[in-house]
Amino acid sequence: LITKSTSTEFWRSVFAGANAARAEYNVNLVIRGPDTEENYAGQNMYIQEAVRNHADAIVFSAISYTENAAAIDEAAEAGIKIVVIDSDVNSSRVSARIGTDNMQAGRITAAAALDTDEQHLSVGIVNFAQFSRNGEEREIGLREQLEKDPRVEEICTVNSLTDHDAARESATELLREHPEINILIGLNEPLGVGVAEASEELKLKDRVRVISFDSNIRCIELLRHGDVSALIVQNPYAMGYLGVETAWKILEGQSFRPDQLIDTATSIITQENMFSVEGQKALFSFG
């Protein structure tokens, strides 16, 4: 299992799901991930390590849609089965794809952002690396829906390192450059924390509607206190579990259609539904 990093609650939940499948299917699972979600070269080194160690399958979340492609192709040529979770790679050698429908997740994010009585909307988006496929698709789906609403007068995007401190600084700068922004969105877990903290520090709770992606204790706390209006929550536990399970099934001879995403679903969590049974299941994984 080669992930984009190992340091956030999102990835720890992926690991919990993967380890549950490891135990159930009795597979030898090695987990690797670079220090940051920008280090695609580190991922390529882990792919090459898997080839040298004669891995049977790689479950992979790509930092770069393009820059990870050659290493994945070489692993497939060596006979290794490839299962993609979370973030896609530009390879025709992938056997199955599992994760969030990111275009739809972007549309869901727009629905949460537009759930307001405000008549003049200016939207600020903090996205992650431009070469990451899931971030690109989320923003496409988000903008597609935002642009259909005549209340939206402006959409501004800044790209940030996948780190909540960097995201907070990027969001703060964006808000200062565009004081008219009244909707602020972070498109993954660290960015979601960063935009929420920027709004909190600038005391914009009553003026700016903040939408965060994914969930951790900090985001849930900010949602409970009203500093965040909605969390767009994925299912990383399922990504990890299904990634390992699907790799095992492929090695047992089952085939999948890589052009059909195995969708792990996305939920909108607000103050109104966060304490419901379904809300709690979304916010707190089995891990």
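Residues numbered from 1 in each chain as written. Predicted model: local features only at pLDDT ≥ 70, side-chain atom pairs only at ≥ 80, totals over all residues. Heavy atoms only, no water.

1. Digging into the nonpolar core
Across soluble globular proteins, nonpolar side chains show a tendency to be buried alongside one another. Core analysis: the biggest nonpolar cluster contains 47 residues, and Leu146, Leu184, Ile185 and Leu231 have the highest contact counts within it. When residues no more than four places from it in sequence are discounted, the contact partners of Leu146 are Ala110, Leu114, Val123, Val152 and Ile155. Trp11, Val14, Met239 and Tyr241 belong to the second-largest nonpolar core, a separate cluster that totals 19 residues. (Core = buried A, V, L, I, M, F, W, Y, C linked by side-chain atoms within 4.5 Å. Buried < 20%, exposed > 50% of the residue type's maximum accessible area, 1.4 Å probe, protein only. Contact = heavy atoms within 4.5 Å.)

2. With respect to the side chain of Ser132
Inspection of the secondary structure puts Ser132 in the loop between β4 (121–127) and α5 (133–146). Looking at Ser132, the relative accessible area reads 1%, which means it is buried. Residues contacting Ser132, with those up to four places away along its chain left out, are Lys4, Ala62, Ile63 and Ser87. (Helix = DSSP H or I, 4+ residues; strand = E, 2+ residues; numbered from the N terminus.)

3. Looking at the packing of helix α7 (residues 189–201) against helix α8 (residues 217–224)
At a minimum axis distance of 10 Å, the contact between α7 and α8 shows a crossing angle of 40 degrees. Of the possible angle classes, the one that applies to α7 and α8 is oblique. Relative to α8, the crossing made by α7 is left-handed. Between α7, through Gly192, Val193, Ala196, Glu197 and Glu200, and α8, the contact on the second element is made entirely by Arg218, Cys219 and Leu222. (Axes fitted to C-alpha atoms, helices over the stretch in contact; angles between N-to-C directions. Parallel < 35°, antiparallel > 145°, perpendicular 65-115°, else oblique. Left-handed = near helix turned anticlockwise from the far one by under 90°.)

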